[in-house]
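Listed below are the residues making up each chain.
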Amino acid sequence: MTYAEMLIDIAALCEKPYRAKQLFAWVYKRGVEGFDAMTDISIAFRERLKDLYCIKGLKVLDVRTSIDGTRKFLSELDDSNRIESVIIAEGSRLTLCVSTQAGCALGCRFCMTGAGGFMRNLTLGELTGQVFSAKAMLEPDERLTNVVLMGMGEPLANYDNVVKFTGILIDGQGFGLSHNKVTVSTAGLVPAMERFMEESNCSLAVSLNATTDEVRDRLMPINRKYPIDEVITALRAFKGAGKRHVTIEYVVLRDVNDSADDAHRLAQLLRGVPCKINLIPFNEFPGAAFKSPDNQRVNAMSKLLQDHGYTVIVRASKGQEIQAACGQLRGWRDEAKA
Ligand code: SF4
């Protein structure tokens, strides 16, 4: 529940509004596992709360740790749908990658989640539940520093819950992250993107992946509805864009979108968009229709884009051998489990 929702329920229970503040902080900031730990709330009221609500993470079925320290966990939801979430350690950063839907309807051709179809949006409780579950797995000296909504699903297709969730993430009495440490990724749902940029100050990442509509149509069916031009125009037109940068995600596929021409076209397309560019070498998965790119091609693209004045990061692939890397989440137990 959000703080606003707690306030409404607290009023309905004929309690004073400050109780909502106490509850919100106990649940999210202090991360208690039950109402009994809420020592400044009367025992009688705690008993009422126990009858009406629960505080819980998700039912975690499986955790796998990769040699680079990436941890992927598989959770089962109350209706038996399964989702995956990933904890990625990188230098001083510890990032949780959260799923926002069970499955995904957008069917990007390079993504294993898309191949599995769409089941449903996750509830707010299932979004916050991934944070609770991740925190429970951390070592005593570890602390989540970043949250990215880049796991299974298209976050902006689950707009209301995602915006509520990011609100809890950045609330000082909530999970307490800075707004620039929370990133919401989208395949380019233009109207929802525009709304998000107006309504939230969290970071936005747009998954572009191609420099022509012909190629993007082939990779991402959503491009037929919101073609490249519309996506870029929305980013350029955002009046507050000067205040924060957008991340452009570009999955590099061998012989599909990895040429010098692609790099030059991308530079032209993004002119006037305050952004940094993440080049993500494609992670092959069983049955994938694409191949991982040559490192030299990726580095050449990076160099050309930098020559055009862009900040470029080539994303090191994390957790590849446990299929926790970008585009490899699918939400069921792998038969090949070691
Ligand atoms: S890349 Fe993202 S939007 Fe595309 S199918 Fe996969 S989960 Fe959905």
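Worth saying up front: this structure is predicted, and the values here are computed from it rather than measured.

## A look at the overall build of the chain
Secondary structure assignment for the chain yields 11 helices and 12 strands. Against the compact-globule benchmark of 20 Å for 338 residues, the chain has a radius of gyration of 21 Å, which places it among compact chains. Dimensions of the chain, computed from C-alpha atoms along their principal axes, come out at roughly 70 × 50 × 35 Å. The proportion of buried residues among the 338 residues of the chain is 53%. Of the contacts formed within the chain by residues at least 6 apart in sequence, a portion of 64% connects residues at least 24 apart.

## Structural notes on the site of the ligand
Around the ligand, the structure places Cys-104, Leu-106, Gly-107, Cys-108, Cys-111, Gly-114 and Gly-153. Partitioned by chemical class, the residues of the shell around the ligand number 4 nonpolar, 3 polar and no charged.

## Focus: the sheet that holds strand S7 (residues 146-149)
Judged by pairing direction, the sheet is mixed, and its 10 strands sit side by side in the order S1-S2-S3-S4-S7-S8-S9-S10-S11-S12 without closing on themselves. Of all strands in the sheet, those bounded by a partner on one side alone are strand S1 (59-65) and strand S12 (311-314). Across the sheet, the axes of successive neighbouring strands diverge by a mean angle of 20°, strand direction being ignored. When strand S2 (residues 71-76) meets strand S3 (residues 82-90), the two strands line up antiparallel, connected through 6 bridges. Across the sheet, Glu-76 pairs through a bridge with Arg-82, a residue of S3.

## Details of the domain arrangement of the chain
Many descriptions give the size of an interface as the accessible area lost when the pieces come together. For the chain, the assigned domains are domain 1 (3-52) and domain 2 (59-322). Each of domain 1 and domain 2 has a C-alpha centre, and these two points are 34 Å apart. Facing the 6 residues of domain 1 at the interface are 11 residues of domain 2. For the pairing of domain 1 and domain 2, the buried interface totals around 740 Å² over both sides, and the portion due to carbon and sulfur atoms is 58%.

## A short note on the packing of aromatic side chains
As enumerated under the stated definition, the model contains 7 aromatic pairs in all. The interplanar angle of 5° and the centroid separation of 6.0 Å between the aromatic rings of Tyr-28 and Phe-132 together place this pair among those described as stacked. Of the two residues, Tyr-28 sits in helix H2 (residues 18-29) while Phe-132 sits in helix H5 (residues 124-137), which places them 104 residues apart along the sequence. Classification of Tyr-28 by relative accessible area gives buried; the value is 4%. The buried category is assigned to Phe-132, whose relative accessible area is 18%. Aromatic ring contacts, followed pair by pair, group Tyr-3, Phe-24, Tyr-28, Phe-132 and Phe-175 into a single cluster.

## Re the pattern of salt bridges
Scanning all chains against the criterion turns up 20 salt bridges. The salt bridge partner of Arg-297 is Asp-258, with a shortest N-O separation of 3.2 Å. Highlighted residues: Arg-297 in helix H11 (residues 295-307) and Asp-258 in the loop between strand S10 (246-252) and helix H10 (260-269), separated in sequence by 39 residues. Relative accessible area serves as the criterion here: at 36%, Arg-297 is assigned to the partly exposed category. Look at Asp-258 and you get buried, because its relative accessible area is 3%.

## Details of the packing of helix H6 (residues 159-170) against helix H7 (residues 190-199)
Running from N to C, H6 and H7 point in directions that differ by 25°, and their axes come no closer than 12 Å. On the basis of their axis angle, the class for H6 and H7 is roughly parallel. Of the two elements, H6 crosses H7, and the hand of that crossing is right-handed. Facing Tyr-159, Asp-160 and Val-163 of H6, the residues of H7 in contact are Ala-192, Arg-195, Phe-196 and Glu-199.

## Let's talk about H2
With 12 residues, H2 extends 16 Å between its outermost C-alpha atoms, agreeing within 8% with the 16 Å of an ideal straight helix rising 1.5 Å per residue. Of all the positions in H2, only Arg-19, Ala-20, Gln-22, Leu-23, Phe-24, Ala-25, Trp-26, Val-27 and Tyr-28 are classed as buried. Of the surrounding secondary structure, the elements contacted by the buried residues of H2 are helix H1 (3-12), helix H3 (43-52), H5 and H6. Gly-31, located one to two residues past H2, shows a positive phi value of around 65°.

## Quick look at the environment of Arg-236
Counting through the fold element by element, Arg-236 comes out in helix H9 (residues 228-237). Not counting the four nearest positions on each side in its chain, Arg-236 is found in contact with Gln-268, Leu-269, Leu-270, Arg-271, Gly-272 and Val-273. Within the structure, the side chain of Arg-236 is placed 2.6 Å from the backbone oxygen of Leu-269, a separation counted as a polar contact.

## Quick notes on the packing of H5 against H6
Interaxial distance between H5 and H6 falls to 9 Å at its minimum, and their mutual angle equals 35°. Crossing angle aside, the handedness with which H5 passes H6 is right-handed. Two secondary-structure elements touch here, H5 through Leu-124, Leu-127, Thr-128 and Val-131 and H6 through Asn-161, Val-162, Lys-164, Phe-165, Ile-168 and Leu-169. The residue inventory of the contact of H5 with H6, partitioned by class, reads 7 nonpolar, 2 polar and 1 charged.

Conventions used here
Residues numbered from 1 in each chain as written. Predicted model: local features only at pLDDT ≥ 70, side-chain atom pairs only at ≥ 80, totals over all residues. Heavy atoms only, no water. Helix = DSSP H or I, 4+ residues; strand = E, 2+ residues; numbered from the N terminus. Rg over C-alpha atoms; globule rule 2.2 N^0.38 Å. Buried < 20%, exposed > 50% of the residue type's maximum accessible area, 1.4 Å probe, protein only. Contact = heavy atoms within 4.5 Å. Near = heavy atom within 4 Å. Nonpolar A, V, L, I, M, F, W, Y, C, P; charged D, E, K, R; others polar. Pairing = 2+ DSSP bridges. Axes fitted to C-alpha atoms, helices over the stretch in contact; angles between N-to-C directions. Domains from an automatic or database assignment. Buried area = accessible area lost by both parts, 1.4 Å probe. Phe/Tyr/Trp six-rings, centres within 6.5 Å; stacked < 30°, edge-to-face > 60°. Salt bridge = Lys/Arg side-chain N within 4 Å of Asp/Glu carboxyl O. Parallel < 35°, antiparallel > 145°, perpendicular 65-115°, else oblique. Left-handed = near helix turned anticlockwise from the far one by under 90°. Expected span 1.5 Å × (residues − 1). Polar contact = N/O pair within 3.5 Å; in protein donor to acceptor, adjacent residues only side chain to side chain.

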